[in-house]
Amino acid sequence: MSGLLAAMLEATGPTLFHYVLVPLIKIAIVLFAGVLPLIMYLVLAERKVLGFMQARVGPNRVGLWGLLQPIADVMKLLVKEDVVPRRAVRWAFVLGPCLVVAPAFVIFSVIPFGPPAATEGGISWFVTDINVALLMVLALATLPVYGIILGGWGSNSKFSLLGGLRSAAQMISYEVPQGFALVGPLLLAGTMSLVGIVEAQRDLGMWFIVPQFVAFFVFLVAGVAESNRNPFDLPEAESELVAGFHTEYTGIRFALFFLGEYANMIVVSSVAVTLFLGGWLRPFPSVEALSFLDLSFLPAGLGGVVWFSLKLFVFLFVYIWFRGTFPRYRFDQLMALGWKWMIPLALVNLFLTGLVKVWV
Amino acid sequence: MPETYLPVLLALAFALILGGVILAASGLIGRGSGGRVKLSPYESGEPLLDPSRKRISILFFLIAIDFVIFDVEAAFLYPWVLVLREGGWPLFWSVMVFVALILVGFVYIWRKGGLDLKKRFRTRWQEASHG
Amino acid sequence: MAPTVTVPTPLPEKFPEGTVVEQEGMDQPTWVVQREVLKDLALELRDGPETQFDLMLDLCGTDYPERDQRFEAVYHLYSLPRGERLRLKVPVTEDVPTLPSLIDVWKACDWFEREAWDMFGLRFDGHPNLRRILTHEAFQGHPLRKDYDPARRWILTEDKIYRPHPQPPEGEDDDDIFERMTINIGPSHPAMHGTFRVVATLDGETIVASEVEIGYLHRCFEKMAETHTWQQVIPYTDRLNYCSSFINNVAYCKTVETMLGIEAPPRAVWARTILSEFSRIMDHCVANGSTLVDAGALTNFWYMFQPREEIYGLLEACSGARLTVSYGRIGGLSADLPPDFEARCRRLLEIIPPFIDDVDGLIAKNRIWLDRSVGVAAISGEEAVNWGWTGPCLRASGVGYDVRKAHPYDLYDTVDWEVPIFHGGDVHDRYRVRMAEIRQSLSIIRQLLDRGMPEGPVIVDDPHIALPSKEACYNQMESMIYHFKLIMDGIQVPPGERYSMVEGANGELGFYIVSDGGGKPYRVKVRPPCFPMMSTFSRLIEGGTVSDAVVSLGGLNVIAGELER
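Everything numeric here is computed off the predicted structure, so don't read it as measured data.

Procedures and definitions
- Residues numbered from 1 in each chain as written.
- Chains lettered and ligands numbered in written order.
- Predicted model: local features only at pLDDT ≥ 70, side-chain atom pairs only at ≥ 80, totals over all residues.
- Helix = DSSP H or I, 4+ residues; strand = E, 2+ residues; numbered from the N terminus.
- Rg over C-alpha atoms; globule rule 2.2 N^0.38 Å.
- Buried ≥ 20, exposed ≤ 12 C-beta atoms within 10 Å, placed from the backbone.
- Contact = placed C-beta atoms within 7 Å.
- pLDDT = per-residue confidence, 0-100.
- Domains from an automatic or database assignment.
- Nonpolar A, V, L, I, M, F, W, Y, C, P; charged D, E, K, R; others polar.
- Pairing = 2+ DSSP bridges.
- Axes fitted to C-alpha atoms, helices over the stretch in contact; angles between N-to-C directions.
- Parallel < 35°, antiparallel > 145°, perpendicular 65-115°, else oblique.
- Left-handed = near helix turned anticlockwise from the far one by under 90°.
- Core = buried A, V, L, I, M, F, W, Y, C linked by C-beta atoms within 7 Å.

Caption draft 1: Representation of the overall build of chain C in the model. The helix and strand tally for chain C stands at 18 helices and 15 strands. Computed over the C-alpha atoms, the radius of gyration of chain C is 24 Å, within 12% of the 24 Å expected from 2.2 N^0.38 for a compact globule of 565 residues. Referenced to the eigenvectors of the C-alpha coordinate spread, the extents of chain C come out at roughly 85 × 60 × 50 Å. Within chain C, the proportion of its 565 residues that are buried is 55%. Taking all contacts inside chain C whose residues are at least 6 apart in sequence as the whole, residues at least 24 apart take part in 68%.

Rendered as structure tokens:
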């Protein structure tokens, strides 16, 4: 393996090797071995967990415990007919779902799933580390709004249009408190590199959730709202707008929207884990007595990946838990919550954090 | 290091190609039959009563404008954060003045009812019962 | 709350001789009114201190082709303060089937008048929107007229369909008009439980005007009842409010029983009371469950439906069917109770409360739910009465009218229970009333179970009414003849008319039945509790958002089968 890599390094030269070839392989691994299977089984897990919460069984017919259900679903959606409604705007209709999925996939290229390489030339557990990573995440996280509004407007259906408008209004409204909330950890870390932020938490000796609890809370609420999940799932509120912006979508285009929703859930969870829950760090990173939690017997920083995944799963479970618990907000209440509570809360947090930062 | 951005571009290309491939695969495998009724837009099983595309309520645009203002503000804050330590109190207060200016606008919108999305008006119902 | 001793309504004197005449020998005070004085009389009856008929329960047509004045419009009035009933009959001729609209007196007349027009061709002068309501626009004739052949078929085309276009009130800013959007919510929409169609004109998310269209599930139950023997009508009653079908059986059977002058044996009455209460619990579970699922609280929906599932098990053990039980019979019940009836009931009393408590625990103090429901689609008690509301929804508006308390039947006056009343009149209070009523129903059932199951038969021992046992049928000549007569000719109900009511799961469920002494009913009219409530719906949702409209529908508990019959 390492011999092969060395040969490739020889053949391509260091720049091409480090910044094209290796990232390409990593991207492929992250998507095909990480995110896509995770999404597929997240859907199954959600149905199972919800079933458990709701005194019913959940899918159990396809394979053992319904484990093959996601594969059956994908196959079904793949062979379904793609209906484009009459007088729909075709380019918008087709572009919509792609715009929802693609940005989420791009974000995964800057998420640090594990620690950087311990030695020069070793494996680091992320695709790339850029110094404006957080800004990029924010920018890309806004893009799905365009996909949703294009899809909703392009379908030539009133329910889609209303759903599209709702979600556009909702997502941009929660973009603001989310942006403000992120300033808190940023102030503490002093860098926008996600790897740098995790390392700052290690240096500080605690996860940022402790000093930045308010910011975490605002980010959590805004994150749920951004990924259109219950109790903020108005854009696709099935009892009101049928299916919201994807009412007219069938087959694989519908699947892409679906994929996008779950990918966004994972993105928001990953960002929250990185920023507030210490990324790949173990709990209480400063307590020496707990250093066995580093799982350093695992090779090449895999212990960090384990911790990251654990936190990610907890976060995803919280999403599902919300769905099993809360009713849905009404549109105007949701907007009022965002504008009248979350934004002032995030601003106060920002002010206090800045004050402390300059003072100390 | 501009090279570090290369993987992001690669990921973008990767995602777009993946999306294209999935759509193309479905186009090849999927069946199609069409039909007049099947292609008609969903309207709860009834014929359309009026066109689907109309001028959209002004409320949505107001929200969009509010958003632009605040997002620009947030964008200004990010670089401020990174140099706050070096800038010290003068930098802190100068940005706080900037935030305060925006807040004045925010309070104005709030007081004006720009954040209330439920339009209020008298209905037939209220007219009947209150004369 | 109803006075035990009621004073009969005095016949008003200010009207000319012969225009208001009391009809003798009726089950309840009945006046025959000439149409010229109808509106004045109605106002007098509503506002007079000695009359106070504030609730217009039912309006229907009847058809007597052999009479000079062929049609009769029959009004059933009720006075909440006095607990007194009154029936008005207004005869009209076939040539001029017009009478004044009473929509200004009781708003409940709105849809009832449309129905009478649709079914009988009675014209109501002054009605703002006298269109067909239950049948299709392209339908011809009036199906409940006696000379209408039930086998007629019409080709109903889409091009003749009425296209509603609700208009907001005048005086609005004209610039806004371009931004309005008219959408169909229903008939094929996930929020419309059953099949209704709400056409809403939206400004942004706010409904500025709306119109409700019904009739998608109309089967003309009342016409079918006229072509079947008395017992054969029972399965059709199942399909009225199919969430609590047993209560419909009871209501129908009780009406016919009083016409026959018989009473069901104690064991049947006991079982009827218990099963009615279980049916009520099921119905309330459906109403609250669907309200909550429309509000996005999915888990509560499953929690509310689990008790229903369990109660179905009990009904299945009794009757063999789960949804449409047809368990009641004129004179009693169709079959004896299963041997483990009591044990099953006790088990249900064990397992239902945790589900109810869990839902309350999840939702009762939930901020989002309170925001969504408090003050939404609210109606004052006064308005609700004027619109003809009854049942839990009326009690949520602060008016404590419950047939079980006001006019006790079966065993309701022998058990200790309360009528829960809330005063908000909104979605939240409708939810709370139902939750409280479920608990009351459980208490009623528990008390009846503690009293012990009465022994004896479950159907009257009268060969003219109850079918003889199979064994007797095969072995005794006499029984076989009775069996044959009952199957071929049916029960012979003496001529007369009768309105009697029970407390259905969503309000006063009345049956107005006319018999001409034959083996089939001459006219059966159901007083569907959800019909007046649905007629209010478009007013309730105006000014709210689409979400408000959706969340308020479940709480009204409008069941299409009963609404459209």
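Okay, back to it.
Caption draft 2: Here's a closer look at the confidence of the model for chain A. Residues of chain A with pLDDT of at least 70 account for 93%, and the chain-wide mean is 81. Here helix H9 (residues 238–241) of chain A stands out as the least confident element of chain A, with mean pLDDT 66; helix H8 (residues 213–226) of chain A is the most confident, with 88.

Caption draft 3: Representation of the domain arrangement of chain A within the structure. All names here are of chain A. As assigned here, chain A comprises domain 1 (1–79) and domain 2 (80–359). Between the C-alpha centres of domain 1 and domain 2 the distance comes to 19 Å. Across the boundary between the two partners, domain 1 contributes 19 residues, which contact 18 residues of domain 2. Those elements that place two or more of their residues in the side of domain 1 that touches domain 2 are helix H2 (14–53) and helix H3 (69–79). The leading source of residues in the side of domain 1 that touches domain 2 is H2, at 14 residues. Across the side of domain 1 that touches domain 2, the residue classes tally to 15 nonpolar, one polar and three charged.

Caption draft 4: Highlighting the sheet that holds strand E13 (residues 496–504) of chain C. Residues and elements named next belong to chain C. Pairing is antiparallel in the open sheet, where three strands are placed in the order E13-E14-E15. Since the sheet does not close on itself, it has two edges, and those belong to E13 and strand E15 (523–527), each with one partner. On average, adjacent strands in this sheet sit at an angle of 15° to one another, irrespective of strand direction. Sheet topology places strand E14 (residues 507–515) next to E15; five bridges connect them, and they run antiparallel. By the bridge assignment for E15, Ile513 is matched with Val524. Contacting E13 and E14, helix H5 (residues 245–260) crosses the sheet at an angle of about 150° to E13.

Caption draft 5: Region of interest: the confidence of the model for chain C. Residues and elements named next belong to chain C. When pLDDT is averaged across chain C, the result is 85; 95% of the residues are at 70 or more. Looking over chain C, one finds the lowest element-wise mean pLDDT in strand E8 (residues 180–185), namely 79, and the highest in helix H13 (residues 427–451), namely 91. Note that pLDDT drops below 50 for residues 1–5; the model gives that stretch seven contacts with residues more than four away or on any other chain. Among the scores for the predicted complex, ipTM is 0.79 and pTM is 0.84.

Caption draft 6: Structural context of the packing of helix H4 (residues 90–107) of chain A against helix H10 (residues 251–276) of chain A. Residues and elements named next belong to chain A. Viewed as axis vectors pointing N to C, H4 and H10 meet at an angle of 30°, and their least axial separation amounts to 8 Å. It follows that H4 is roughly parallel to H10 by the angle criterion. Relative to H10, H4 is oriented so that their crossing is left-handed. Taking contact as the criterion, the partners of Pro97, Cys98, Val100, Val101, Ala104, Phe105 and Ile107 in H4 are, on H10, Arg253, Leu256, Phe257, Leu259, Gly260, Ala263, Asn264 and Val267. Here the residues of the contact of H4 with H10 are counted per class, giving 12 nonpolar, two polar and one charged.

Caption draft 7: Representation of the nonpolar core in the model. By size, the foremost hydrophobic cluster in this structure holds 301 residues, and its most contacted members are Val101(A), Ala73(C), Leu77(C) and Met534(C). Each residue touching Leu77(C), except ones within four places of it in the same chain, is listed here: Leu45(C), Phe53(C), Leu55(C), Met56(C), Leu57(C), Arg85(C), Leu86(C) and Leu88(C).

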